[in-house]
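Single-letter residue listing:
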Amino acid sequence: MKQLTTLGLSASLVLLAGLPVAAHHNGATYFDTSTTIEHSDATVVEYAIVNPHGRLFYTVVDDEGNEQEWSAELASANNLRRRGLGGEIFKPGDQLVSVTGNPSRSGANFMRLERAEFADGTVAAFSGPNRGITPGPGAQQ
């Protein structure tokens with residue numbers, strides 16, 4: 001009986017220890033995954049491949065003509081590189097036709113990036129089944 005109690009207690013502790021990790025990696029905790037926002041005509045400020053999550057910083061002009069800086073969270077550096085999204089796919093000054101993602105629940109200018117489209121039609125997809133770079137018709141080979 002004592003062995004069963006010890007085993008049950010140990011199993012419970014192992015399961016409970018994993019809860020904070022599961023909560024952190026649930027995108028719905030920080031982002032509203034039920035909605036998507038899209039910014040048009042964005043200008044890249046910085047692309048940072050860092051851990052625990054990469055970041056894309058960009059600016060857009062709002063409806064009143066004011067420039068707003070946004071940041072978008074990405075996967076880890078390892079995951080980005082494995083999917084061909086590492087290196088310098090975004091450079092400061094790059095013009096993006098659109099930037100799409102899930103908005104932050106906090107209301108900050110922050111999102112979880114799903115995809116970004118360049119002027120030549122190239123798409124960088126950060127979520128979904130086709131993650132990676134899909135060259136557009138105007139992309140240089």
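Not measured: the values here are computed from a predicted model.

Caption draft 1: Quick peek at the overall build of the protein chain. The helix and strand tally for the protein chain stands at three helices and seven strands. Considering only contacts in the protein chain between residues 6 or more positions apart, those separated by 24 or more positions represent 49%. For the protein chain, the accessible area works out to roughly 8,700 Å², and carbon and sulfur atoms hold 54% of it.

Caption draft 2: Here's a closer look at the packing of aromatic side chains. Under the defined criterion, the tally for this structure stands at four aromatic pairs. Between Phe90 and Phe118, the aromatic rings sit 5.3 Å apart at their centres with planes inclined by 20 degrees, giving stacked as the arrangement. Residue Phe90 is found in the loop between helix 3 (77-82) and strand 4 (95-103), and its partner Phe118 is found in strand 5 (residues 110-118); the two are separated by 28 residues along the sequence. A residue is classified by how much of its surface remains accessible, and Phe118, at 13% relative accessible area, is buried. Linked through ring pairs, Tyr47, Phe90, Phe118 and Phe126 together constitute an aromatic cluster.

Caption draft 3: Up close: the nonpolar core. Counting residues in hydrophobic clusters, the biggest one holds 23 residues, and the most contacted among them are Tyr47, Leu56, Tyr58, Phe90, Leu96, Leu113 and Phe126. For this core, the elements supplying multiple residues, two or more each, are strand 1 (37-48), strand 2 (55-61), strand 3 (67-73), helix 3, strand 4 and strand 5. Looking at this core element by element, the count peaks at four residues for strand 5. Apart from residues lying up to four places away in sequence, Tyr58 is in contact with His39, Ala42, Thr43, Val44, Val45, Gln68, Glu69, Trp70, Ala72, Val99 and Met111.

Caption draft 4: View of the confidence of the model for the protein chain. The pLDDT averaged across the protein chain works out to 85; a share of 79% of its residues lies at or above 70. Ignoring residues within four places in sequence, the model shows residues 19-23, a span with pLDDT below 50, making one contact including any to other chains.

Caption draft 5: Local environment of the environment of Gly86. By secondary structure assignment, the location of Gly86 is in the loop between helix 3 and strand 4. Put simply, Gly86 and Gly54 are 32 residues apart on the chain and 9.4 Å apart in space, counted from C-alpha to C-alpha.

Caption draft 6: Spotlight on the pairing of strand 1. As judged from the six bridges shared by strand 1 and strand 4, these two strands associate in the antiparallel manner. Looking across to strand 4, one finds that Glu38 is bridged to Thr100. Of the strand pairs in this sheet, strand 1 and strand 2 are connected by five bridges, and their pairing is antiparallel. Paired with Ala48 across the bridge in strand 2 is Arg55. Linking strand 1 back to strand 2 in an antiparallel pair, the connection comprises six residues.

Caption draft 7: How the structure looks around the pairing of strand 4. With seven of nine residues buried, strand 4 is to be regarded as a mostly interior element. Bridging between strand 4 and strand 5 involves seven bridges; their strand directions are antiparallel. Paired with Thr100 across the bridge in strand 5 is Arg115. Hairpin geometry of strand 4 and strand 5 is characterised by an intervening segment of six residues between the two adjacent antiparallel strands and by a positive phi of about 90 degrees at Gly107.

Caption draft 8: Expanded view of unusual backbone geometry. Of note, the amide linkage connecting Asn51 to Pro52 takes the cis form, showing an omega dihedral of 10 degrees. Assignment of secondary structure puts Pro52 in the loop between strand 1 and strand 2. Positive phi, close to 55 degrees, is recorded for Asp41, a residue that is not glycine. Mapped onto the elements, Asp41 comes out in strand 1.

Here is what the cut-offs are and how they apply
Residues numbered from 1 in each chain as written. Predicted model: local features only at pLDDT ≥ 70, side-chain atom pairs only at ≥ 80, totals over all residues. Heavy atoms only, no water. Helix = DSSP H or I, 4+ residues; strand = E, 2+ residues; numbered from the N terminus. Contact = heavy atoms within 4.5 Å. Areas by Shrake-Rupley, 256 points an atom, 1.4 Å probe, with all protein chains shown as cover. Phe/Tyr/Trp six-rings, centres within 6.5 Å; stacked < 30°, edge-to-face > 60°. Buried < 20%, exposed > 50% of the residue type's maximum accessible area, 1.4 Å probe, protein only. Core = buried A, V, L, I, M, F, W, Y, C linked by side-chain atoms within 4.5 Å. pLDDT = per-residue confidence, 0-100. Pairing = 2+ DSSP bridges.

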